[in-house]
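# Analysis of the macromolecular model
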Amino acid sequence: MDDIFKSRTSRRAFLRGSAAAVAGSVAGTAAASEPDPLITELQDWASYTGVGVDETPYGLPIRFEADVVRRNVEWLTASPISSINFTPIHALDGTITPQGCAFERHHSGAIELSKEDYRLMINGLVDQPLVFTYEDLERFPRENHVYFCECAANTGMEWAGAQLNGVQFTHGMIHNMEYTGVPLRTLLNEAGLNAAGELSDKWVYVEGADASSNGRSIPMEKALDDVLVAFKANGEALRMEHGYPVRLVVPGWEGNMWVKWIRRIEVVDAAVESREETSKYTDVYEDGTARKWTWVMDAKSVVTSPSPQKPITHGKGPLVISGLAWSGHGRITRVDVSKDGGINWETARLGKQGDTKALTRFYLDTEWDGSPMLLQSRAMDETGYVQPTKDQLREQRGENSVYHNNCIQTWYVNAEGIAENVEVS
């Protein structure tokens, strides 16, 4: 009991000391013993009534959080119609991405398609071709799963060196949401697969309803495993930019396969070899050849705070280093953090665990003495795979690729707490 009491009093003393230190750093020359007017004086917000319950029928973030938004890099693409923007992962905590912050990737712009006009066709090597309405889909048994969706080009600009100064831009082509939908296998079984014969060598070709007709081939083994035909995200309808009213969810695999506004699923006896799986979304080697069918997003992690958009502002003392880790192969089992560019590593504390093919939050609770740091994180998943360095990736694939860059990222944090993107290979 004495030890517990000592621990608690020590903690209270620590918090008092920390509060005084923070007060001193914020107030400059003001002593911690001086009264704080925000405590001792009546404030405006306590002097009048606030807004009523009907002021905002659909809740929105408060104006003080106006900078927590998706952003794009204007010079990255020729037009915002076929382009991408980035999730503000530096400003979020936990693992669930609000739909309004989740990155967008369009090939011909986001479309408005109502539930009443929605149709999903299943055809090809099936016993009975079928067409489902939105209402039809809602009548099938549904499931809820949390998954990450990562664009294959996430971190793609970093292949040749440090390029973009912000974790939102280097790693923000990702979101993590709870999806509700019908397993694809349920719909395929409804149409019947006897006509397809042996299924081990069969594929499904999935196609979207937008003008780009984005389409991808998926092996039947995956289609019958964990793929969802989803119509809700985080408990509410999909946003227009995320494929309202229905999209495909392909857990652990590159985001281009998560076809939005999905209108057709065709059972075929070979991959279609569409544009999006030949000239695009293949990994070009140094000799000009390209590897394809590289669907799975390998284990990856990044420190989100401190980072270029999230500097250290409180000075020396207790510091929480935080970040995200994920793997398309399953669960994250461990994340290590280095403060010296990979020379020494400390094992981070994992947040909520148990989800597979979903983001995992990690924390390293440490003390900062004001010395410069080279911050890195290194993820490991349940298969034993360890996130590689840039040099290890380049040895295998060179520098011609745009896709599947899951290298260890480095932030240089100076004595003032300001971070920037640097390369430590």
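Quick caveat: nothing in here was measured; it's all calculated off a predicted structure. (Residues numbered from 1 in each chain as written. Predicted model: local features only at pLDDT ≥ 70, side-chain atom pairs only at ≥ 80, totals over all residues. Heavy atoms only, no water.)

What follows deals with the sheet that holds strand 20 (residues 410–413). Judged by pairing direction, the sheet is antiparallel, and its five strands sit side by side in the order 16-15-19-20-21 without closing on themselves. In this open sheet, the two edge strands, each paired with only one partner strand, are strand 16 (346–347) and strand 21 (419–422). Judged from the three bridges that link them, strand 19 (residues 373–381) and strand 20 form a sheet pairing that is antiparallel. If you follow Leu374 over to strand 20, its bridge partner there is Tyr412. (Pairing = 2+ DSSP bridges. Helix = DSSP H or I, 4+ residues; strand = E, 2+ residues; numbered from the N terminus.)

So, about the pairing of strand 20. The pairing of strand 20 with strand 21 spans four bridges and is antiparallel. Looking at strand 21, one finds that Val413 is bridged to Ala419. Linking two consecutive strands that pair antiparallel, namely strand 20 and strand 21, is a turn of five residues; a positive phi of about 90° is found at Gly417 within it.

Time to look at the pattern of salt bridges. Inspection of every chain in the model, using the stated rule, returns 27 salt bridges. Of the charged contacts in the structure, one is a salt bridge between Arg264 and Glu207, with a shortest N-O distance of 3.2 Å. In this pair, Arg264 is assigned in strand 10 (residues 262–268) and Glu207 in strand 5 (residues 203–208), connecting sequence segments 57 residues apart. In this structure Arg264 comes out as buried when scored by relative accessible area, which is 15%. One salt-bridge network, in which partners are shared between bridges, spans Lys390, Asp391, Arg394, Glu399 and Glu423. (Salt bridge = Lys/Arg side-chain N within 4 Å of Asp/Glu carboxyl O. Buried < 20%, exposed > 50% of the residue type's maximum accessible area, 1.4 Å probe, protein only.)

So, about the UniProt feature "domain: Moybdenum cofactor oxidoreductase dimerisation" (unreviewed entry) in the protein chain. On the UniProt side, "domain: Moybdenum cofactor oxidoreductase dimerisation" (unreviewed entry) is annotated at positions that read residues 291–409 here. As a span, residues 291–409 carries 7% helix and 39% strand, and end to end its C-alpha atoms are 24 Å apart. (UniProt positions renumbered as here; feature names shortened; annotations may be inferred.)

This paragraph deals with the domain arrangement of the protein chain. Looking at the assigned domains, one finds that the protein chain contains domain 1 (71–292) and domain 2 (300–422). At the junction of the two partners, domain 1 supplies 44 residues and domain 2 supplies 41 residues. Considering only the side of domain 1, the residues that lose the most area to domain 2 are His90, Trp159 and His171, jointly responsible for 21% of the buried surface there. Taken together, the connections running from domain 1 to domain 2 amount to three salt bridges. Lys357 serves as the salt-bridge partner of Asp226, at 2.8 Å between the closest nitrogen and oxygen. Linking domain 1 with domain 2 are 25 residue pairs in polar contact (both at pLDDT 80 or more), by the criterion used here. Residue assignment for the side of domain 1 that touches domain 2 shows that the elements contributing at least two residues are strand 3 (143–150), helix 4 (167–171), strand 4 (174–183) and strand 11 (283–284). Looking at the side of domain 1 that touches domain 2, the element that brings in the most residues is helix 4, giving five residues. Of the residues contributing to the side of domain 1 that touches domain 2, the split by class is 18 nonpolar, 16 polar and 10 charged. (Domains from an automatic or database assignment. Contact = heavy atoms within 4.5 Å. Buried area = accessible area lost by both parts, 1.4 Å probe. Polar contact = N/O pair within 3.5 Å; in protein donor to acceptor, adjacent residues only side chain to side chain. Nonpolar A, V, L, I, M, F, W, Y, C, P; charged D, E, K, R; others polar.)

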